[in-house]
Amino acid sequence: MFQVFGPAHPVVADVAEDVVLPCYLNPNISAEDMRVEWFRPDSTDRLVHLYQEQEIRNEDQIPSYRGRTALFPEELKKGNTSLRLAGVRASDEGRYKCFIQSLQWYDDASVKVEVRGTEPLISMEGHREWGIGLLCESKGWDLQPELIWLDSEGHSLPAGPTETHRDSMDLLIVRRRIIIQDRDTKRVTCRVQLQQRSLEKETEFHITGYVRTIDNCEVILCGIKEVSLAVPSSGSQGWSGSVWMRVSFGRRIEVDPVATLSPASNKFALL
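Below: a short report on this structure. (Residues numbered from 1 in each chain as written. Predicted model: local features only at pLDDT ≥ 70, side-chain atom pairs only at ≥ 80, totals over all residues. Heavy atoms only, no water.)

Side note on the state of the cysteines
Taken as a whole and assessed by the stated rule, the structure comprises two disulfides. Two residues share a disulfide in this structure: Cys-23 and Cys-98, whose sulfurs sit 2.1 Å from each other. Residues Cys-23 and Cys-98 share a disulfide whose torsion about the S-S bond is about -85 degrees; that sign makes it left-handed. Taken together, the residues span a long stretch of sequence, with Cys-23 in the loop between β3 (19-21) and β4 (24-26) and Cys-98 in strand β10 (residues 94-101) at a distance of 75 residues. With a relative accessible area of 0%, Cys-98 lands in the buried category. The partner cysteine of Cys-136 in its disulfide is Cys-190, sulfur to sulfur 1.9 Å. Across the S-S bond of Cys-136 and Cys-190 the torsion is about -85 degrees, and the bridge reads as left-handed. Taken together, the residues span a long stretch of sequence, with Cys-136 in strand β13 (residues 131-141) and Cys-190 in strand β17 (residues 187-194) at a distance of 54 residues. Once the bonded cysteines of the protein chain are numbered in order along the sequence, the disulfide links fall as 1-2, 3-4. (Disulfide = S-S within 2.5 Å. Helix = DSSP H or I, 4+ residues; strand = E, 2+ residues; numbered from the N terminus. Buried < 20%, exposed > 50% of the residue type's maximum accessible area, 1.4 Å probe, protein only.)

Overview of the pattern of salt bridges
For the coordinates displayed, the defined rule picks out 16 salt bridges. For Lys-97, the salt bridge is made with Asp-108, and the minimal N-O distance between the two is 3.4 Å. With a gap of eleven residues between them, Lys-97 in strand β10 and Asp-108 in strand β11 (residues 106-115) connect regions that are remote in the sequence. For Lys-97, a relative accessible area of 18% puts it in the buried group. Looking at Asp-108, the relative accessible area reads 31%, which means it is partly exposed. (Salt bridge = Lys/Arg side-chain N within 4 Å of Asp/Glu carboxyl O.)

That is the geometry; function is a separate question.
Shown next, in the form of structure tokens:
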């Protein structure tokens, strides 16, 4: 006789990452000659992975698991029947059964998988339309998630349309851009959520830039590594050209509006 044990707590997995669903025998006798079946008890199509007569028998495997499941052959002799699941998808969330059967006995254990989704990645695209351009990206989804930009109070911010692409594994990559023009906005959040599975993940971005108005034209500098600033010609109505400033991320730039009136005396103070 033997018992089958799984984890005491849910297994938390990130979308697109690999995860191990623990399952083992007690006592730790060899399972090499036993039937080891992983299945979804709450699904119409049940089979996730089947090992029987020392062979993999996945002819009736759920299609979404094809090529993504494996046992640890060298561990079977130690009673370790854990399942490796590659490239986790949102649809993988839920209950699994680890069923082990010998000629004289059988037992099973339950494993619950919770899929968190990938954390959104925020990158800065430089100055856009007298503001700061930010891009939010999240990868590895099999269902279409929603990307939302929020201010520091948790209110939704107007942003560009969500762009959706597919990667080499046919999983979704979603991106959404925003331009921050409000000088009072110091922190924004990008949230990715999949309501069908109650998944939600968010990332904050802190804006540390300095805002200054020059000749009724607002310039926002926030971690921009290279900024082009147009300078008005002395005694003319138009713009005479651009002055380039190179700054380090997170530093503030203060521009002397008097100095910028003359292209020949471009003075910028790094704080």
